[in-house]
Amino acid sequence: MFESITFGRDSLVDLTGLGELAECLLYYKKVHVIVDHGGFTRLSRVCGPETLLGLIEDGHLAVTYLENRPVVVTQLVGGREQHGFALVQGQGKESQRLVPQLFQELTGKQGRGWRIAQRLLNRLSTKTYVAEDLSQSLGAIKDITYTDRLVPQILAARGVSGLPTAPRFRVHEENAAFFIDTNLDFAMLNVEYRRINPDHNLEPALVLDLLYEGYAEVDFAASLAAELAPTPTESVIAEERIASVLEASGRSLDRLSAFRSFVVPHNGSIADAINGRTRTFDELRTLLGKADRFKQWVHEQAPDEDLAKAYIDQVTDTSWRTGSTTKNLRFVLFNAAQIAAGAVIAGPGGAIAGVALAATDSYLLDRLLTGWRPHQFVRGPLQKFLDGASTPK
């Protein structure tokens, strides 16, 4: 259960996505993020260079940097919008240039920033799209049944309604150029769209770009053999192509939500703490350092297991610790401890020390006898992390 999950490029466009990322770092064995230069910059500014590097070096996080992006190029020719497809790379945004410059800025020290950047670059994966990667995207866009079915779902995922009964959005090629045939009134739809996204316009070219780039990015994310944490648009595209993977992700997130609601119902969540800036990624990294056994326990649960039920079963299972063997072991350990303490501390003080040891170490001995249980982490480090997030820093 909770083997691995991938966050696509658009997942970190909104800073609230960082809270979801933080939550998954605790529960998933492997967490992978795909970033362009903007996403990497946001992640670095929120985490800090040292913490981001630490999360990667500790094995909690893997990062793939997109060196370029597929885009739609639109121009007006003879009164018609003509579209083409290209790959672009921002000048100076290559990982080898951006990471050192950004880390030098964030640390305020040229040498230290450069050294941290080099260590991170050695562990950073990169992805450079080539034309062959996008041939399937282009083929899908030309499929009228695909676009007619998908575009209304994409618009709905972006909060746009009021579409005609039989919406049409089709792309056809003429002399190596591409044109859109649609019955959607984008001028009217844009009015509604701007109520939700005041800084952006809804145009046919934007929808075409979502189809083209979205297909390619979902395809790459799926190649990492992980569950997906999709944006609404990616979710629609993914559902068409990798329904089983998306379904697995949905089941996992539902189980995770149920587990959080049951186990820590009154303490919010890691996502809330990170998004509310009452906890930092550096503090999260400290928590993750104490979470190895808990994450292993989560990972060992069967894929179809109810995580909350598994937790209850573990916490309430007391069969072996109440037997006669355990009672004998408790007697031997406590008496040995008292004898040792009495021998080290002579006189009445030694006897007092033996009694004190028997009393104060009862909790520690109980943990020794019962073995590790998941509630020891939940009611210990996790509870403290969430309790400490009650007031802004």
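Residues numbered from 1 in each chain as written. Predicted model: local features only at pLDDT ≥ 70, side-chain atom pairs only at ≥ 80, totals over all residues. Heavy atoms only, no water.

A. Spatial organisation of the overall build of the protein. Each helix and strand in the protein was counted, giving 19 helices and 9 strands. By the burial criterion, 45% of the 393 residues in the protein qualify as buried. Across the protein, the fraction of contacts at a sequence separation of at least 24, relative to all contacts at a separation of at least 6, is 71%. Taken as a whole, the protein presents about 19500 Å² of accessible surface, with 52% of it coming from carbon and sulfur. (Helix = DSSP H or I, 4+ residues; strand = E, 2+ residues; numbered from the N terminus. Buried < 20%, exposed > 50% of the residue type's maximum accessible area, 1.4 Å probe, protein only. Contact = heavy atoms within 4.5 Å. Areas by Shrake-Rupley, 256 points an atom, 1.4 Å probe, with all protein chains shown as cover.)

B. Summary view of the nonpolar core. Counting residues in hydrophobic clusters, the biggest one holds 58 residues, and the most contacted among them are Phe40 and Ile270. Non-local contacts of Ile270, meaning those with residues more than four positions away in its chain, are made with Ala22, Glu23, Leu26, Leu284, Leu287, Leu382, Phe385 and Leu386. (Core = buried A, V, L, I, M, F, W, Y, C linked by side-chain atoms within 4.5 Å.)

C. Main features of the pairing of strand β5 (residues 80-88). Of the strand pairs in this sheet, strand β4 (residues 69-77) and β5 are connected by 9 bridges, and their pairing is antiparallel. Within the sheet, the bridge partner assigned to Leu76 lies in β5 and is Glu81. A loop of 2 residues connects β4 with β5, the two strands running antiparallel in sequence, and Gly78 in this loop sits at a positive phi of about 60°. (Pairing = 2+ DSSP bridges.)

D. Local environment of empty space enclosed by the protein. Counting across every chain of the model gives 2 cavities of 30 Å³ or more. In this structure, the second largest cavity encloses a volume near 40 Å³. Around the second largest cavity sit Glu23, Leu26, Tyr27, Arg260, Val264, Ser269, Ile270, Leu382 and Leu386, which together line it. Of all the elements in the fold, those that place two or more residues in the lining of the second largest cavity are α1 (17-27) and α19 (374-387). Broken down by class, the residue content of the lining of the second largest cavity amounts to 6 nonpolar, 1 polar and 2 charged. (1 Å grid on protein atoms, 1.4 Å probe; cavity = no way out; pocket = protein on both sides within 12 Å on 5 of 7 lines; lining within 4 Å. Points joined across faces, edges and corners; volume = space filled by probe spheres on them. Nonpolar A, V, L, I, M, F, W, Y, C, P; charged D, E, K, R; others polar.)

E. Inspection of the packing of aromatic side chains at higher detail. The final tally for this structure, using the stated rule, is 10 aromatic pairs. Here the aromatic rings of Trp297 and Tyr311 are separated by 6.4 Å at their centres, their planes lie at 70°, and the arrangement is edge-to-face. Residue Trp297 is located in helix α14 (residues 292-300), and its partner Tyr311 is located in helix α15 (residues 307-316); the two are separated by 14 residues in the primary sequence. Grouping residues by exposure puts Trp297 and Tyr311 together as buried. (Phe/Tyr/Trp six-rings, centres within 6.5 Å; stacked < 30°, edge-to-face > 60°.)

F. Up close: the packing of helix α4 (residues 95-107) against helix α5 (residues 110-121). Closest axis-to-axis distance for the α4/α5 pair is 7 Å, and the angle between their directions is 140°. Judged by the angle between their axes, α4 and α5 are oblique. Handedness of the crossing formed by α4 with α5: right-handed. Of α5, the residues touching α4 (which contributes Ser95, Gln96, Val99, Pro100, Phe103, Gln104 and Thr107) are Gln110, Gly113, Trp114, Ile116, Ala117, Gln118, Leu120 and Leu121. Of the residues belonging to the contact of α4 with α5, the class tally is 8 nonpolar, 7 polar and no charged. (Axes fitted to C-alpha atoms, helices over the stretch in contact; angles between N-to-C directions. Parallel < 35°, antiparallel > 145°, perpendicular 65-115°, else oblique. Left-handed = near helix turned anticlockwise from the far one by under 90°.)

G. Structural detail: the pattern of salt bridges. By the definition in use, this model includes 14 salt bridges. Residue Asp36 is joined to Arg69 by a salt bridge in which the shortest nitrogen-to-oxygen separation is 3.9 Å. One end of the pair, Asp36, is in the loop between β2 (30-35) and α2 (37-47); the other, Arg69, is in strand β4, and 33 residues separate them in sequence. Among the salt bridges present, the one from Asp133 reaches Lys127, with a minimum N-O distance of 3.4 Å. Residue Lys127 is classed as buried on the basis of its relative accessible area, which comes to 17%. If you follow the salt bridges from partner to partner, you end up with Arg9, Asp36, Arg69 and Glu213 in one network. (Salt bridge = Lys/Arg side-chain N within 4 Å of Asp/Glu carboxyl O.)

H. A look at the side chain of His60. Take His60: it is sitting in the loop between α3 (49-57) and β3 (61-66). Note on His60: relative accessible area 8%, which makes it buried. In this structure, His60 is in contact with Leu25, Val31, Leu55, Leu288, Gly289 and Lys295, ignoring residues within four places of it in sequence.

I. Representation of the pairing of β3. Counting buried residues in β3 gives 5 out of 6 residues, a clear majority hidden from the surface. In this sheet, β3 lies alongside β2 in parallel orientation, the contact comprising 5 bridges. If you follow Val33 over to β3, its bridge partner there is Val63.

J. Fine view of α3. Burial analysis of α3 places 7 of its 9 residues in the buried class, which makes it a mostly covered element. Where α3 is buried, its residues touch α2, β3, α4, α5 and α13 (281-289).

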